[in-house]
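Coordinate analysis (summary)
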Amino acid sequence: MASLGSLRAITLLFILAFTAATIGTGIITYNATSRTIRQLVDARIAAAADAIAGEGATLATPELLRRMTVLEDDRDTGDLGITLGDPQRRHLGGNITLVRRLPSGFSTVTLSDHIKGLAHGRAYVRSLGGGRTLTVVAETEPIEGYAAARVRIYAAGFGAILLIVFAGTILFARVVAGRIAATRATAEAIIAGDMARRVPIRGDRGVFDAQAATFNLMLDRIDDLMRTMTHVSSDIAHDLRTPLARLHSQLGTLARAAETPALRAGIEQALAQSDELLAMFAAVLRIAEVEGGARRAGFATIDIAALAHEIAAMMAPVGDETGHVVVCAPAPPLAIRGDRQLLTQLLINLIENGLRHTPPGSRITLLVERRPGHAVIVVSDDGPGIPGAERARALRRFGRLDLSRGARDEAGGTGHGLGLALVEAIARLHDGTVRLEDAGPGLRVEVDLPVRLPA
């Protein structure tokens, strides 16, 4: 059930409260009107009874009948029903007869009383002494079906109010939900890497436009800060790569000119370290490029199963050189939308990660599985694996692992914890996720990519 803070719950609660209030008001109004009519009729028939014989008066029967005739002939009281009865309930005079004895005072009469010309009314019975009773009856419904007509009028009037309020509330809820959905869609696009996305502004100068404008200004500021950070890291990588390249070249020259084997070995070791630094800066720049999201514009339809088979065939000879076995399980064609070059990089990094961190003779298996709405790339090996507590760190940049716990020495293809970080960045660019699991033994890496129809 939706919480009270949700728009749907508030709208539903308002509609229910307004409906209950409107129906209650209609019922109260109907009852108050009926009660007022009843009180007015009671006052009228009591006044007519007083005109015939006041409270406590003792008049002869002929005088009572004369006064009754006067009222019956009068235009203002001619619609009243009047009857005079004796102690034996015999009819002494009047324009109506009763089929049952009515109680003293005021009471309600209906069609069941069989009073001619009366469907629903009020009766007033007064004792006149000597066992005689005077009964005066008047209609509470001026026309037949008046009560039903009044109910229909109330239902139509209050029903129209409810209909208007329902329509207005639903329209209001849809407008608010639409503006919230636009903001949510923008946030989702930002999360997916589209930093250029902004909340649409309709130009009505309302509170939603003001909120959208403020939200967009915040996004502009965040985008500027991220671009600044990206440029700084890229500039640092570019600036450091140039002197490192010069150093690498000079070390190569010195290694060739070294006079002693020990000096040559030391220079070659420094040369290998400079190679690692150059590879690390290249990986940092590559991750920054992927996280920028610009590569989305070049997405195309790719058969990920065929690409996986192609990369496994390409990496098999590399595995032979290191004593590993690289195999790709057969899979039917499975089309996704993505960047072929980046997905190739992802597959190569995953296979290289297995080759680097498993002993010779190990088996690296590549598999593409179809799941509802998703394509899952699975790369597993039978090496030492990564402990569960270390897997989140392995996906971070420069995610070095604790070797004392039997984990792999590095979590990346460059030797500095950037290989899996690049895999995670590529998967995120494709709206996918990366999971590290236990292969029992070994490591199982699952890359979950959504299957999209061709654009």
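Keep in mind that what you see is a predicted model, and the values were worked out from it rather than measured. (Residues numbered from 1 in each chain as written. Predicted model: local features only at pLDDT ≥ 70, side-chain atom pairs only at ≥ 80, totals over all residues. Heavy atoms only, no water.)

1. Side note on the overall build of the chain
In plain terms, the rule: For helices the rule is a DSSP run of H or I covering at least 4 residues; for strands it is a run of E covering at least 2, with both sets numbered from the N terminus onward. Residue exposure (1.4 Å probe, protein chains only): buried if accessible area is under 20% of the type maximum, exposed if over 50%, otherwise partly exposed. Contact definition: two residues touch when any of their heavy atoms are within 4.5 Å. Values of accessible area rely on a 1.4 Å probe in the Shrake-Rupley scheme; residue burial ignores everything except the protein chains shown.
When helices and strands are counted, the chain shows nine helices and twelve strands. Across the 455 residues in the chain, those meeting the buried criterion constitute 38%. Contacts spanning at least 24 positions in sequence make up 58% of the contacts within the chain whose residues lie at least 6 apart. When the accessible surface of the chain is summed, it comes to about 25100 Å², and 61% of that surface belongs to carbon and sulfur atoms.

2. Section: the side chain of Thr 140
Quick reminder of the rule: Polar contact criterion, stated in full: a pair of N or O atoms within 3.5 Å, where within protein one must be able to donate a hydrogen and the other to accept it, and residues adjacent in sequence count only if both atoms are side-chain atoms.
Residue position: Thr 140 is located in the loop between β5 (132-139) and α3 (146-191). Within the structure, Thr 140 has its side chain in polar contact with the side chain of His 120 (distance 3.0 Å).

3. Quick notes on the pairing of strand β12 (residues 443-450)
The criterion, for reference: When DSSP locates at least two bridges between a pair of strands, those strands are taken to pair.
Taking burial as the measure, the eight residues of β12 include seven buried ones, the bulk of the element. Pairing analysis gives seven bridges linking strand β10 (residues 374-380) to β12, with the strands arranged antiparallel. Across the sheet, the residue bridging to Ala 375 is Leu 449, located in β12. Strand direction decides the pairing type here: strand β11 (residues 433-438) and β12, joined by six bridges, are antiparallel. Of the residues in β12, the one forming a bridge with Arg 435 is Glu 446. Turn length for the β11-β12 hairpin, with the two strands adjacent in sequence and antiparallel, is four residues, and the turn residue Gly 440 shows positive phi of about 55°.

4. A few points about the nonpolar core
Going by this rule: Here, the term nonpolar core denotes a set of buried Ala, Val, Leu, Ile, Met, Phe, Trp, Tyr and Cys residues that are joined through side-chain atoms within 4.5 Å.
The biggest cluster of nonpolar side chains holds 39 residues, and the ones touching the most others in it are Ile 304, Ile 377 and Val 447. Sorting the residues of this core by element identifies α6 (304-322), α7 (340-356), β9 (363-371), β10, α9 (419-429), β11 and β12 as the ones contributing at least two each. No other element matches the eight residues that α7 contributes to this core. Grouped together as the second largest cluster of nonpolar side chains are 17 residues, Ala 48, Met 68, Leu 128 and Val 136 included.

5. Points about the pattern of salt bridges
Opposite charge on two side chains makes pairing possible when the charged atoms of those side chains draw close. Where we set the bar: Salt bridges are defined by distance alone: a side-chain nitrogen of Lys or Arg within 4 Å of a carboxyl oxygen of Asp or Glu.
Evaluated as defined, the whole model comprises 19 salt bridges. Where Arg 444 meets Glu 446, a salt bridge forms, and the shortest distance between an N and an O atom there is 2.7 Å. The network of salt bridges with common partners includes Glu 369, Arg 371, Arg 435, Glu 437, Arg 444, Glu 446 and Asp 448.

6. Some words on the packing of α6 against α7
Applicable threshold: Comment: axis = line fitted to C-alpha atoms, over the contacting stretch for helices; angle = value between 0 and 180 degrees taken between N-to-C directions. Crossing handedness is read from the near helix: turned anticlockwise from the far helix by less than a right angle, it gives a left-handed crossing, and turned clockwise, a right-handed one. For this classification, the nonpolar set comprises Ala, Val, Leu, Ile, Met, Phe, Trp, Tyr, Cys and Pro, the charged set comprises Asp, Glu, Lys and Arg, and every other residue, Gly included, is treated as polar.
Between α6 and α7, the least distance of the axes is 10 Å, while the angle of their chain directions is 35°. Here the hand of the crossing between α6 and α7 comes out right-handed. Between α6 and α7, the contacting residues are Ile 304, Leu 307, Ala 308, Glu 310, Ile 311, Ala 312, Met 314, Met 315, Val 318, Gly 319 and Thr 322 on the first element and Arg 340, Leu 343, Thr 344, Leu 347, Ile 348, Ile 351, Glu 352 and Leu 355 on the second. Taken together, the residues of the contact of α6 with α7 break down into 13 nonpolar, three polar and three charged.

7. Structural notes on the pairing of β9
The sheet contact formed by strand β7 (residues 325-328) and β9 spans four bridges and is parallel. Across the sheet, Val 326 pairs through a bridge with Ile 364, a residue of β9. Here β9 pairs with β10 via seven bridges, running antiparallel. Its bridge partner being in β10, Leu 366 is matched across the sheet by Val 379. Between the antiparallel neighbours β9 and β10 lie two residues, among them Gly 373 with a positive phi of about 75°.

8. Description of the environment of Ser 34
Summarising the element assignment, Ser 34 is placed in helix α1 (residues 7-52). Given a relative accessible area of 18%, Ser 34 falls into the buried group. Placed 106 residues apart in sequence, Ser 34 and Thr 140 show a C-alpha to C-alpha distance of 8.7 Å.

9. What to know about the sheet that holds strand β2 (residues 91-94)
The five strands lie next to each other as β2-β1-β5-β4-β3, forming an open sheet whose pairing is antiparallel. Pairing within the sheet leaves two strands with one partner each, and these edge strands are β2 and β3 (105-110). The average angle at which neighbouring strand axes cross in this sheet is 25°, direction not considered.

10. Structural notes on α6
In plain terms, the rule: Expected helix span is given by 1.5 Å per residue-to-residue step, counting one fewer step than there are residues. One axis is fitted to the seven residues ending at the residue and one to the seven starting there. The bend at that residue is the angle between these axes.
Helix length check: α6 (19 residues) gives 26 Å between terminal C-alpha atoms against 27 Å at 1.5 Å per residue, within 8%. A bend of about 30° at Ala 316 is the largest found in α6, and the proline Pro 317 appears one to four places after it. Along α6, the positions that sit buried rather than exposed are Ile 304, Ala 305, Leu 307, Ala 308, Ile 311, Ala 312, Met 315 and Gly 319. Against β6 (300-303), β7, β8 (335-338), α7, β9 and β10 lie the buried residues of α6. Its side-chain oxygen 3.2 Å from the backbone nitrogen of Ala 305, Asp 303 forms the N-cap of α6.

11. Observations regarding helix α2 (residues 61-73)
Cut-off, in case you're wondering: Regarding the arc, it is the one traced by the directions from the helix axis to the C-beta atoms.
With 13 residues, α2 ought to run about 18 Å at 1.5 Å a step, and its terminal C-alpha atoms sit 18 Å apart, in line with that. Within α2, the full set of buried residues consists of Leu 64, Met 68 and Leu 71. Projected onto a plane normal to the axis of α2, the buried residues spread over an arc of 60° and lie on a single side. For α2, the exposed residues set more than 90 degrees away from the buried face come down to Pro 62 and Asp 73.

The values reported here are purely geometric and, on their own, carry no functional implication.
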